[in-house]
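# Geometric and topological summary
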Amino acid sequence: MGTRVEERKRVFRAPTITGLVVGLLGISAVFAVRALTPGLGKWSLPNQLQDLLTLSISVIVESLPFVILGILLSIAVQVWIPDRWIMRVLPRNAFLRRTVISFLGIFLPVCECGNVPLARGLIVKGFTVSESMTFLLAAPILNPITILTTGQAFGFGSWVFVARIVGGFAIANILGWLFSKHPDQDSLLTDRFAAECRLPDAHEHDQTRWQKSVELFTRECGVIMPAMFIGSLVAGLVQVAVPRAILLGLGSNPVWSILAMMALAFVISVCSTVDAFFILPFASTFMPGSIAVFLVFGPIIDIKMLTLMRTTFTARVLVRLTVIVGLLSALIGLVINYVA
Amino acid sequence: MWRNRLWRSIQRWQGIALVIAALVATVWLAWTNQLILYINPSYIVFTVIMGAIGLVFVVASFVTKADHNHDHDLDEPRRRFSGPLSVVATLLTLFVAAGLVVVPPATLTTATADQRVVNSTGVGTGTKTVGAAASAPTGAFAKFTVEDWSSLLRQTTDASFYQNKTADVVGFISKDPDDPDNVFYVTRFVITCCAVDAQPVGVPVYLPNWKSTLRTDQWVKVVGAFDTNPSSKSQQAIALVPTSTTKVDQPSDPYLY
């Protein structure tokens with residue numbers, strides 16, 4: 001037994017100089033390619049292809065810092081913060097627990113793409129799947145930056161502001177409650193992630209916290225980065241392919257305007273912390289209920305988020321999630337369009 | 001078993017390779033002041049700080065060996081379609097990675113301006129109002145941007161408002177879909193957060209047969225005065241009638257915020 005522990009120590013603690021050298025050379029090579037290629041002249045790509053690349057890269061560059069922040073917070077939750085800090089302060093009653101969890105975003109203000117690795121970390125830490133889902137759905141809306149930007153854009157007493165905050169809270173808790181009724185919570189997760197969650201922390205005494213942190217960073221990058229790249233490409237493709245004029249013609253109809261805004265939110269995949277400013281210029285041509293739908297539906301369901309969430313939840317769960325969130329936000333939008 | 005292990009290894013290093021591509025591209029874009037082609041300048045500091053932290057973790061991952069025991073425990077049954085699907089997925093990610101690392105950075109083009117319809121949104125809060133413009137001193141108008149003029153044109157089409165106001169604007173050319181031969185827009189994109197949310201705004205310019213000397217996507221500086229649009233086909237009531245139209249280089253900050 002003692003020998004095995006020794007072996008493991010050697011595996012984890014001996015820094016591999018070769019790895020470091022090869023890695024640094026690799027990074028330098030990528031830097032060199034990046035710095036030298038523009039010198040070879042402009043590429044005359046067709047406009048559509050050029051814009052597809054620009055839009056996809058823009059999604060990556062914009063999301064990357066939030067994804068890294070999300071992974072860092074996930075590492076903090078899993079490796080550095082003692083269990084009792086998070087798990088023991090939460091109420092035992094499931095309903096109250098989810099209510100409190102929906103406000104966790106106030107302390108962990110990452111926008112939606114960064115919340116995916118954090119939600120994964122919370123499941124590993126001991127949250128049930130439905131609790132983590134409540135966090136994932138509520139946090140992009142119930143966080144100080146989103147609240148502030150939405151209030152600044154639309155006014156703190158406006159229908160749109162109230163609908164976003166109350167609606168976001170309600171939808172997250174209704175979905176958390178619905179999925180908590182599922183008898184087999186593990187079956188909501190992808191096989192790979194479920195296996196990762198079941199794994200006992202076998203190397204607790206073999207690895208230092210720093211080594212664990214780096215290991216987690218590497219593993220989360222392996223899962224999140226491919227999803228982010230594909231999500232950004234699909235988001236770019238749809239933006240290049242679907243003419244915006246189709247959506248813009250539907251703004252004044254109480255029902256169609258809602259569907260148009262859902263489609264726009266789905267396609268545009270813009271961050272919840274700034275989407276209020278983005279949608280503000282549309283407010284003059286679109287009905288207020290549809291603007292509220294954009295702000296409630298968009299942070300939860302869009303192309304980028306679905307590809308990121310697919311790293312954790314099964315496709316079946318995501319279809320249900322999309323349909324229910326869509327119906328609930330449409331309901332909010334219709335009430336505002338007809339009442340306000 | 002060795003295939004599973006190889007697969008895990010590829011997955012592990014694919015993530016690191018992609019994060020390196022994204023981080024290196026981000027840092028280089030920031031260094032060469034081109035990050036503004038993709039995101040609003042106010043996010044640059046945050047992006048660079050997180051990028052630097054990311055790079056530290058990437059370098060640290062080179063000195064920490066893979067936790068193969070952990071990976072071994074995670075072996076899962078491969079699905080029937082997972083092979084071909086992951087090959088397609090890997091090719092797609094490589095395509096985007098190549099775009100990040102190899103293709104020179106560029107702004108959005110007229111393809112997106114046409115697709116998103118120039119001046120299709122309402123007037124933003126930060127732009128000029130008719131009241132403010134009416135009381136502005138004469139010299140101020142030369143500093144009005146494409147966004148300022150386009151928002152004024154969406155607020156009033158009263159020709160007398162535009163009298164004695166000379167415009168001096170820079171933007172790229174996109175054609176007026178209703179009269180593409182005689183009217184074009186001096187166009188700019190307005191960015192909220194990043195290029196994904198770019199909204200095209202433009203000032204219509206009446207210049208018969210402009211395609212004989214100019215082409216779409218060309219950056220131009222147009223000086224002139226507004227008048228009732230002489231074009232019978234164009235939907236734009238007021239247009240800029242240029243006294244001079246000069247080709248210029250794309251500015252280093254092509255978007256408006």
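Residues numbered from 1 in each chain as written. Chains lettered and ligands numbered in written order. Predicted model: local features only at pLDDT ≥ 70, side-chain atom pairs only at ≥ 80, totals over all residues. Heavy atoms only, no water.

## Section: the interface of chain B and chain A
- Each partner contributes residues to the interface: chain B has 79 residues there, and chain A has 82 residues.
- Between chain B and chain A the total buried area reaches about 7500 Å² when both faces are included, carbon and sulfur atoms providing 74% of it.
- Looking only at chain B, the three residues that lose the most surface to chain A are B:Phe57, B:Gln115 and B:Val196, adding up to 9% of its buried area.
- Only α1 (2–31), α2 (44–63), α3 (68–73), α4 (82–101) and α5 (110–116) of chain B provide two or more residues apiece to the side of chain B that touches chain A.
- It is α1(B) that contributes the most residues to the side of chain B that touches chain A, 16 residues altogether.
- Considered class by class, the residues forming the side of chain B that touches chain A number 46 nonpolar, 23 polar and 10 charged. (Contact = heavy atoms within 4.5 Å. Buried area = accessible area lost by both parts, 1.4 Å probe. Helix = DSSP H or I, 4+ residues; strand = E, 2+ residues; numbered from the N terminus. Nonpolar A, V, L, I, M, F, W, Y, C, P; charged D, E, K, R; others polar.)

## Quick notes on the pattern of salt bridges
Residues and elements named next belong to chain A.
- According to the stated counting rule, one finds 8 salt bridges over all chains in the structure shown.
- Ionic pairing is found between Glu-131 and Arg-97, a salt bridge with its closest N-O pair at 2.7 Å. Remark: Arg-97 occurs in helix α5 (residues 94–102) and Glu-131 occurs in helix α7 (residues 129–138); sequence separation between them is 34 residues.
- Classification of Glu-131 by relative accessible area gives buried; the value is 7%.
- Classification of Arg-97 as buried rests on a relative accessible area of 13%. (Salt bridge = Lys/Arg side-chain N within 4 Å of Asp/Glu carboxyl O. Buried < 20%, exposed > 50% of the residue type's maximum accessible area, 1.4 Å probe, protein only.)

## Observations concerning the domain arrangement of chain A
- Examined at the domain level, chain A breaks down into domain 1 (1–42) and domain 2 (45–339).
- Between the C-alpha centres of domain 1 of chain A and domain 2 of chain A the distance comes to 33 Å. (Domains from an automatic or database assignment.)

## Section: the domain arrangement of chain B
All names here are of chain B.
- Domain annotation of chain B identifies domain 1 (2–101) and domain 2 (110–247).
- Note on domain 1 versus domain 2: buried area summed over both sides is about 310 Å², and carbon and sulfur give 46% of it.
- Together, Tyr-38, Asn-40 and Tyr-43 form the three largest contributors to the area buried by domain 1 at its contact with domain 2, with a combined 77%.
- For the pair domain 1 and domain 2, the interface holds 0 salt bridges.
- In this structure, the connection of domain 1 to domain 2 is made through 3 residue pairs in polar contact (both at pLDDT 80 or more).
- Across the side of domain 1 that touches domain 2, the residue classes tally to 4 nonpolar, 1 polar and no charged. (Polar contact = N/O pair within 3.5 Å; in protein donor to acceptor, adjacent residues only side chain to side chain.)

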